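Fold and contact review
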Amino acid sequence: MNNPPLGSELPILLNAASIDARVAELAAAISSDYEGTTPHLVGVLKGAWVFMADLVRRISIPCTVDFLSIQSYGSGAASSGEVKITKDLDLSIEGRDVLVVEDILDTGRTFGYLQEVLRAHGPASLKLAVLLDKHSRRVIPVEADYVGFKIPDVFVVGYGLDFDQKYRNLADIRHIPSV
């Protein structure tokens, strides 16, 4: 028996086709902006891995990749307000053009913290690409250089984003109305 995936009953905020089209546009912009260089993409785990995989496959210039793991939510829906690195970079970023790839820019605490940590390693440049920007919740004044979609203040899951480690496998981005 083929059961629908957990969460397929949740309301769709962004469907898979619109996500795919926007990722292609972002990849084209990144490829153009970094032409003649080899950007080093740093994915922030766990939420950004699906976005980063699709983005990297569409970037038309040479690039390298690495991952960081950050914890700021724990197992709930609200951020703890504390950010910590739970998996550091494997490669040096000194003198490199670094593009951090995040699933969502929300309060800005995570990227604000990452900016400080990564700048201390001496990259040539440091920019941010996010799939989703929830600007209404910003408490730290950071902005993304590449934004997939601006979204309202709703709790989203799917396309790599989770709630308590569930729903990452949904192709669409959906929202949980009761969270």
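Whatever comes next refers back to the structure up there.
Overview of the structure. (Residues numbered from 1 in each chain as written. Predicted model: local features only at pLDDT ≥ 70, side-chain atom pairs only at ≥ 80, totals over all residues. Heavy atoms only, no water.)

Further remarks concern the overall build of the protein chain. Of the regular secondary structure elements, the protein chain holds 3 helices and 9 strands. Its C-alpha radius of gyration of 16 Å places the protein chain within 12% of the 16 Å reference for a compact globule of 179 residues. Projected onto its principal axes, the C-alpha positions of the protein chain cover 50 × 35 × 30 Å. When the 179 residues of the protein chain are sorted by exposure, 45% land in the buried category. Considering only residue pairs separated by 6 or more positions, the protein chain has 67% of its internal contacts joining residues 24 or more positions apart. Element-wise, carbon and sulfur atoms account for 51% of the exposed surface of the protein chain, whose accessible area totals about 8900 Å². Averaging the locations of the 17 positively and 23 negatively charged side chains of the protein chain gives two centres separated by 3 Å. (Helix = DSSP H or I, 4+ residues; strand = E, 2+ residues; numbered from the N terminus. Rg over C-alpha atoms; globule rule 2.2 N^0.38 Å. Buried < 20%, exposed > 50% of the residue type's maximum accessible area, 1.4 Å probe, protein only. Contact = heavy atoms within 4.5 Å. Areas by Shrake-Rupley, 256 points an atom, 1.4 Å probe, with all protein chains shown as cover. Lys, Arg positive; Asp, Glu negative; His and termini not counted. Charge placed at Lys NZ, Arg CZ, Asp CG, Glu CD.)

Turning our eyes to something else, we now look at the packing of helix α1 (residues 16-33) against helix α2 (residues 49-58). Where α1 meets α2, the closest approach of the two axes is 8 Å, and the angle between their N-to-C directions is 55°. Relative to α2, the element α1 lies oblique. In this structure, the crossing between α1 and α2 has a hand that is right-handed. The segment α1 lies against α2, with D20, V23, A24, L26, A27, I30 and S31 engaging F51, D54, L55 and R58. Tallied by class, the residues present in the contact of α1 with α2 amount to 7 nonpolar, 1 polar and 3 charged. (Axes fitted to C-alpha atoms, helices over the stretch in contact; angles between N-to-C directions. Parallel < 35°, antiparallel > 145°, perpendicular 65-115°, else oblique. Left-handed = near helix turned anticlockwise from the far one by under 90°. Nonpolar A, V, L, I, M, F, W, Y, C, P; charged D, E, K, R; others polar.)

A separate point is the packing of aromatic side chains. Evaluated as defined, the whole model comprises 1 aromatic pair. The cationic tip of K127 hangs over the ring face of Y34; the distance from NZ or CZ to the ring centre is 5.7 Å. (Phe/Tyr/Trp six-rings, centres within 6.5 Å; stacked < 30°, edge-to-face > 60°. Lys NZ or Arg CZ within 6 Å of the ring centre and 35° of its normal.)

Strand order in the open sheet made by the 6 strands is β4-β3-β2-β5-β6-β7, with mixed pairing throughout. The sheet is open, and its two borders are formed by β4 (84-87) and β7 (146-150), each paired with just one other strand. On average, each strand axis in the sheet is tilted by 30° relative to the strand beside it, whichever way the strands run. Sheet topology places strand β5 (residues 97-105) next to strand β6 (residues 125-133); 8 bridges connect them, and they run parallel. Among the inter-strand pairings, V98 is bridged to a residue of β6, identified as L126. (Pairing = 2+ DSSP bridges.)

So, about the side chain of R138. Examined against the element boundaries, R138 turns out to sit in the loop between β6 and β7. Judged by its relative accessible area of 14%, R138 falls in the buried class. Here the side chain of R138 touches D106 through a polar contact of 2.8 Å, landing on its backbone oxygen. A polar contact of 2.7 Å, which involves the side chain of R138, links it to the side chain of D133. Beyond its immediate stretch of four places on either side in the chain, R138 contacts L105, D106, T107, G108, D133 and E143. (Polar contact = N/O pair within 3.5 Å; in protein donor to acceptor, adjacent residues only side chain to side chain.)

What follows deals with the sheet that holds strand β8 (residues 156-157). Two pairing modes exist for strands in a sheet, parallel and antiparallel, and in both the strands are linked by backbone hydrogen bonds. The strand order across the open sheet built from 3 strands is β1-β9-β8, with neighbouring strands paired in antiparallel fashion. Because the sheet does not close on itself, it has two edges, and the strands there are β1 (12-14) and β8. With 2 bridges connecting them, β1 and strand β9 (residues 173-175) associate as antiparallel partners. The residue bridging L14 from the neighbouring strand is I173, located in β9.

By themselves these figures say nothing about function.
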